[in-house]
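Chain by chain, the residues:
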Amino acid sequence: MKKREEMTDIQVHVCLNQGTEYPFSGKLFDQQKKGLYRCVVCHSPLFVSDTKFDAGCGWPSFFEAISPEAIRYLDDYKLSHPRVEIRCGQCDSHLGHLFQDGPPPTGLRYCVNSVSMAFEDVESGEIIEG
Ligand SMILES: [Zn+2]
C-alpha cells in the first residue's frame, strides 16, 4: 500500500482528491501489451488487457472490470449531468468514471486515469506506473 508521501503530485491529485489527469498525458492510454492493470496505490487487480479498447479520448478505457468487487461505484454530481465515479474496491483510490457508451459485449466504458494504475506486463513481469 503506497503512502501519501510516496505518491507523486499527480497521483495525489487524481487518486486522493478525485482529480483528472490531462488526456494523452499518461503512460498507459495507448499501452497495447498483454497484462494486468492494478491499482497504483494498493496493487489490487482492476482490469485485464483483453478488455481494453481505444476510445480515442486519451485515457485508458476498458469495457469490463476484472471482477464485481474490484471496483466501487459512486454517484458523482460535480457536473450538471450526473456521472458514475469509479474507485478501487480495496483502498477507495479514485480511478475515473463509468459511461454507457462502450463497445459490445457490455456497452460500458470504464474511463480510467493512467496515473491511477500500474500495468504489469505478463511476459516480462515489468511494472509500469501510469
Ligand atoms: Zn487500490
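Here the structure is shown first, and the text comes after it.
The shown structure was predicted, so the numbers you read here are calculated from the model rather than taken from an experiment.

Definitions and cut-offs
Residues numbered from 1 in each chain as written. Predicted model: local features only at pLDDT ≥ 70, side-chain atom pairs only at ≥ 80, totals over all residues. Heavy atoms only, no water. Donors = N, O, S within 2.8 Å, 3.2 Å for Na, K, Ca; no water. Tetrahedral: all angles 85-135°; square planar, octahedral: opposite > 155°, others 65-115°. Helix = DSSP H or I, 4+ residues; strand = E, 2+ residues; numbered from the N terminus. Buried < 20%, exposed > 50% of the residue type's maximum accessible area, 1.4 Å probe, protein only.

Chemist: Explain the coordination of the zinc ion residue by residue, including any values.
Modeler: Protein coordination at the zinc ion comes from Cys39 (SG), Cys42 (SG), Cys88 (SG) and Cys91 (SG), with a distance range of 2.3 Å. With 4 donor atoms in place around the zinc ion and angles of 102 to 114 degrees between them, the coordination shape is tetrahedral.

Chemist: Tell me what's going on with unusual backbone geometry, and back it up with residues and numbers.
Modeler: In this structure, the amide linkage connecting Pro104 to the following residue, Pro105, adopts the cis form with an omega of 5 degrees. Examined against the element boundaries, Pro105 turns out to sit in the loop between β7 (94-99) and β8 (109-112). Phi is positive for Gln18, close to 55 degrees, though the residue is something other than glycine. Within the secondary structure layout, Gln18 lies in the loop between α1 (9-16) and β1 (35-39). Relative accessible area serves as the criterion here: at 25%, Gln18 is assigned to the partly exposed category. Residue Phe24 is not a glycine yet carries a positive backbone phi of 65 degrees.

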